[in-house]
Amino acid sequence: MAENSAERREEQPGAHRLTANISSATKAALDEIADREQINQTEALRRLVAYGRLLYRTAQIDGDEILIRRTDDSTLERIILI
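Residues numbered from 1 in each chain as written. Predicted model: local features only at pLDDT ≥ 70, side-chain atom pairs only at ≥ 80, totals over all residues. Heavy atoms only, no water.

### Points about the overall build of the chain
Selection criterion: Here a strand is any run of E in DSSP of at least two residues, a helix any run of H or I of at least four, and the numbering for each starts at the N terminus. Type-normalised accessible area, obtained with a 1.4 Å probe on protein chains alone, sets the label of each residue: buried when under 20%, exposed when over 50%, and partly exposed for intermediate values. We call two residues in contact whenever any of their non-hydrogen atoms come within 4.5 Å of each other. Here the Shrake-Rupley method, with its probe set to 1.4 Å, supplies the accessible areas, and only the displayed protein chains count as covering residues.
A tally of helices and strands in the chain yields three helices and two strands. Counting helices and strands in the order they occur from the N terminus, the chain gives α-α-α-β-β. Within the span of the chain, comprising 82 residues, buried residues form 10% of the whole. For the chain, the proportion of contacts with a sequence separation of at least 24, taken over those separated by at least 6, is 5%. When the accessible surface of the chain is totalled, it reaches about 7500 Å², and 49% of it is carbon and sulfur.

### So, the pattern of salt bridges
For the record, the criterion: When a carboxyl oxygen of Asp or Glu is within 4 Å of a side-chain nitrogen of Lys or Arg, the pair counts as a salt bridge.
Applying the stated criterion across every chain yields a total of six salt bridges. E37 serves as the salt-bridge partner of R47, at 3.7 Å between the closest nitrogen and oxygen. Residue R47 is found in helix 3 (residues 41-61), and its partner E37 is found in helix 2 (residues 24-37); the two are separated by 10 residues along the sequence. For R70, the salt bridge goes to E77, with nearest N and O atoms at 2.7 Å. Judged by its relative accessible area of 35%, E77 is partly exposed.

### So, the nonpolar core
For clarity, the cut-off: Put simply, buried Ala, Val, Leu, Ile, Met, Phe, Trp, Tyr and Cys residues joined by side-chain atoms within 4.5 Å make one nonpolar core.
Within the largest apolar cluster, five residues are counted, these being L30, I33, A34, I39 and A44. Top element by residues in this core is helix 2. It accounts for three residues. Excluding residues within four positions of it along the chain, A44 makes contact with L30, I33, A34 and I39.

### Digging into the pairing of strand 2 (residues 76-79)
For clarity, the threshold we go by: Pairing between strands requires that DSSP locate at least two bridges from one strand to the other.
One ladder, built from four bridges, connects strand 1 (residues 66-69) with strand 2; its direction is antiparallel. Counted as the bridge partner of I66 is I79 from strand 2. Hairpin geometry of strand 1 and strand 2 is characterised by an intervening segment of six residues between the two adjacent antiparallel strands and by a positive phi of about 60° at S74.

Dropping the structure here:
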């Protein structure tokens, strides 16, 4: 008996299906990560959400600053989430 996609998803504990409309900029971000990391779009989305969650929790929940140190001249830039 052949499995359908719903049956396969049920075998993956914790997996949830999401359908969303995304902007061209969001699609480009997913494509960039997927291409650079040689991963599929789903994994690129997971990673970008995880990165976003880390930044959000750091700045908005913990109240900490997010700094980027430039490797070319060691300057620091503060990231501000709006």
